[in-house]
Amino acid sequence: MVRTMNALGTGSRGVLLAAFAVLVFGALVVVKGYEAAAQATANGLVTGTYFALGAVGLALVFGVLRLVNFAHGDFLTFGAYTALLANVFFRLPVVVATAVAVASTALLAGVLELVLWRPMRARKAGGLQLLLTAIGLAFVIRNCIQLVAGTEPRGLRVDVTSAVTFLGGVRMGTTELTVMVVGLAVLVFVAVLLSVSRLGREMRALADNLSLAEVAGVDTGRVIIATWLVAGSLSGLAGVLVAAAVGVLSPQFGFQLLLSLFAATVLGGIGNAYGALAGGLMLGLTQEWSTLFIDPRWKLSVGFVILILTLLARPNGLLGRPALK
């Protein structure tokens, strides 16, 4: 009953957020005109899509394991460079390269759970030890990528010239449009997976109370490895989408995105996958909307100002709920 009420509350707050975004868009149309507001919104949806994909994986791991995974940004980098290897060096189509990247990153996350995180939990490692291990793992992954691929910027073999013009003069690159459509479709799929599937229910049960879930007969080991596989898949896909949308990637790009992913996770509600989805989209939109008024160089700062103001009003995030006392 409590979980049902929480789900209803999350859904209603999600509707309110969507309504608020529509109101902001309407205000921007009045102030800046339809074309400028629509163009910024389209750009924000592209950015918010890969923010949300990365943040959902981060939130899943924290929600189930209470692990702040500082290596998550480097999972994105690993996925992007795996796609680069398949697409540029082995001349595979981008779709196939993306599938290879998603599978490889999921495999990396699963292997790390078996050889690193599970043994550490078995030895009762504390939060500080796990945090330092995650930071060290991030450096290892990043430097291994840099050792193999070098430091020079690279790019996928994608169409960076063609564009689509929508009603009202809004232009989007064909690749950016594909990134947005694919990302939003995957986010909807993940939301449905978490809502109605047995695995989603078990993940939520572990996030609520791992010990109680074990007593109830949930195979926690299976659910934890599945959580890592889903999180790894999402981060790998997010890395490829960022590389395709931005056009240039380097061994540092996942680390540079990490703060934004954490911001989206906290903005939506720490450990709440639905909140991370909403937080990522809202962060991308607000950053791009801000470019209508300020120099685009400062849009990252605007995102964090929004985060701080939101947490002052709602310390648990947009869709988070207070801890039970």
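Residues numbered from 1 in each chain as written. Predicted model: local features only at pLDDT ≥ 70, side-chain atom pairs only at ≥ 80, totals over all residues. Heavy atoms only, no water.

Asker: Could you give an account of the overall build of the protein chain, naming the residues involved and the relevant values?
Answerer: The secondary structure content of the protein chain amounts to 12 helices and 2 strands. The order of α-helices and β-strands along the protein chain, N terminus first, is α-α-α-α-α-β-β-α-α-α-α-α-α-α. The globule rule puts the C-alpha radius of gyration for 325 residues at 20 Å, and the 20 Å found for the protein chain is close to it. In terms of its C-alpha atoms, the protein chain occupies a principal-axis envelope of roughly 60 × 50 × 30 Å. In the protein chain, the share of contacts with a sequence separation of at least 24, taken over all contacts with a separation of at least 6, comes to 75%. (Helix = DSSP H or I, 4+ residues; strand = E, 2+ residues; numbered from the N terminus. Rg over C-alpha atoms; globule rule 2.2 N^0.38 Å. Contact = heavy atoms within 4.5 Å.)

Asker: Run through the packing of helix α6 (residues 174–196) against helix α7 (residues 198–208), naming residues and quoting values.
Answerer: Interaxial distance between α6 and α7 falls to 5 Å at its minimum, and their mutual angle equals 75°. When the interaxial angle is binned, α6 and α7 end up roughly perpendicular. On α7, the residues that touch Leu193, Leu194, Ser195 and Val196 of α6 are Arg198, Gly200, Arg201, Met203 and Arg204. In terms of residue class, the contact of α6 with α7 is built from 4 nonpolar, 2 polar and 3 charged. (Axes fitted to C-alpha atoms, helices over the stretch in contact; angles between N-to-C directions. Parallel < 35°, antiparallel > 145°, perpendicular 65-115°, else oblique. Nonpolar A, V, L, I, M, F, W, Y, C, P; charged D, E, K, R; others polar.)

Asker: Could you give an account of the nonpolar core, naming the residues involved and the relevant values?
Answerer: Ranked by size, the top nonpolar core spans 85 residues in total, and within it Val56, Trp117, Leu156 and Trp228 carry the most contacts. At 15 residues, the largest contribution of residues to this core is made by helix α2 (residues 34–65). Discounting residues that sit within four places of it in the chain, Trp117 has contacts with Leu67, Leu112, Leu130, Thr133, Ala134, Leu137 and Trp228. Counting 7 residues, the second-largest nonpolar core is a separate cluster that includes Ala21, Leu28, Ala37 and Leu285. (Core = buried A, V, L, I, M, F, W, Y, C linked by side-chain atoms within 4.5 Å. Buried < 20%, exposed > 50% of the residue type's maximum accessible area, 1.4 Å probe, protein only.)

Asker: Explain the packing of aromatic side chains to me, using residue names and the numbers behind them.
Answerer: Tallied over the entire structure, the rule returns 4 aromatic pairs. Ring centres of Phe25 and Tyr34 lie 6.4 Å apart, and the angle between their planes is 80°; this geometry places the pair in the edge-to-face category. When the ring of Tyr50 is compared with that of Phe51, the centres are 5.6 Å apart and the planes differ by 90°; the resulting orientation is edge-to-face. Relative accessible area serves as the criterion here: at 4%, Phe51 is assigned to the buried category. (Phe/Tyr/Trp six-rings, centres within 6.5 Å; stacked < 30°, edge-to-face > 60°.)

Asker: Requested: an account of the pattern of salt bridges, with residues and values cited.
Answerer: Tallied over the full model, the rule gives 8 salt bridges. In this structure, Arg142 and Asp74 form a salt bridge, with 2.9 Å as the shortest nitrogen-oxygen distance. Residue Arg142 is located in helix α5 (residues 127–149), and its partner Asp74 is located in helix α3 (residues 72–89); the two are separated by 68 residues in the primary sequence. The network of salt bridges with common partners includes Glu113, Arg118 and Arg121. (Salt bridge = Lys/Arg side-chain N within 4 Å of Asp/Glu carboxyl O.)

Asker: Now, about helix α9 (residues 220–246): what can you tell me, with residues and values included?
Answerer: The terminal C-alpha atoms of α9, which comprises 27 residues, lie 38 Å apart, in line with the 39 Å expected from a rise of 1.5 Å per residue. With 22 of its 27 residues buried, α9 lies for the most part within the structure. (Expected span 1.5 Å × (residues − 1).)

Asker: Now, about the environment of Leu28: what can you tell me, with residues and values included?
Answerer: Mapped onto the secondary structure, Leu28 falls in helix α1 (residues 2–32). On the accessibility criterion, Leu28 (7% relative accessible area) is buried. Separated by 12 residues in the primary sequence, Leu28 and Ala40 have C-alpha atoms spaced 9.7 Å apart.

Asker: Report on unusual backbone geometry, specifying residues and quantitative values.
Answerer: With phi around 60°, Arg91 is a residue other than glycine that occupies positive phi space. Backbone geometry places Lys124, a non-glycine residue, at a positive phi of 60°. Position of Lys124 relative to the elements: it lies in the loop between α4 (94–122) and α5.

Asker: Can you explain α3? Please cite residues and give values.
Answerer: Counted at 1.5 Å a residue, the expected span for α3 with its 18 residues is 26 Å, and the 25 Å between its end C-alpha atoms agrees. The buried fraction of α3 is high, at 14 of 18 residues.

Asker: Quick rundown of the packing of α3 against α4? Include the residues and the values.
Answerer: The contact between α3 and α4 brings their axes to 8 Å, and the two run at 140°. Here α3 lies oblique to α4, going by the angle between them. Once α3 is placed against α4, the crossing between them reads as right-handed. Along its contact with α3, which presents Phe75, Phe78, Gly79, Thr82, Ala83, Ala86 and Asn87, the element α4 presents Val94, Ala97, Val100, Ala101, Ser104, Thr105, Leu108, Ala109 and Leu112. Taken together, the residues that form the contact of α3 with α4 break down as 11 nonpolar, 5 polar and no charged. (Left-handed = near helix turned anticlockwise from the far one by under 90°.)

Asker: Residue-level account of a nonpolar patch on the surface, with values.
Answerer: Together, Leu85, Phe89, Phe90, Leu92, Val96 and Val100 give the surface a local cluster of nonpolar side chains, amounting to about 520 Å² of exposed area. With respect to the helices, strands and loops of the structure, Phe89 is situated in helix α3. (Patch = residues over 30% accessible without salt bridge, like charges linked within 9 Å, V, L, I, M, F, W, Y side chains within 5 Å. Areas by Shrake-Rupley, 256 points an atom, 1.4 Å probe, with all protein chains shown as cover.)

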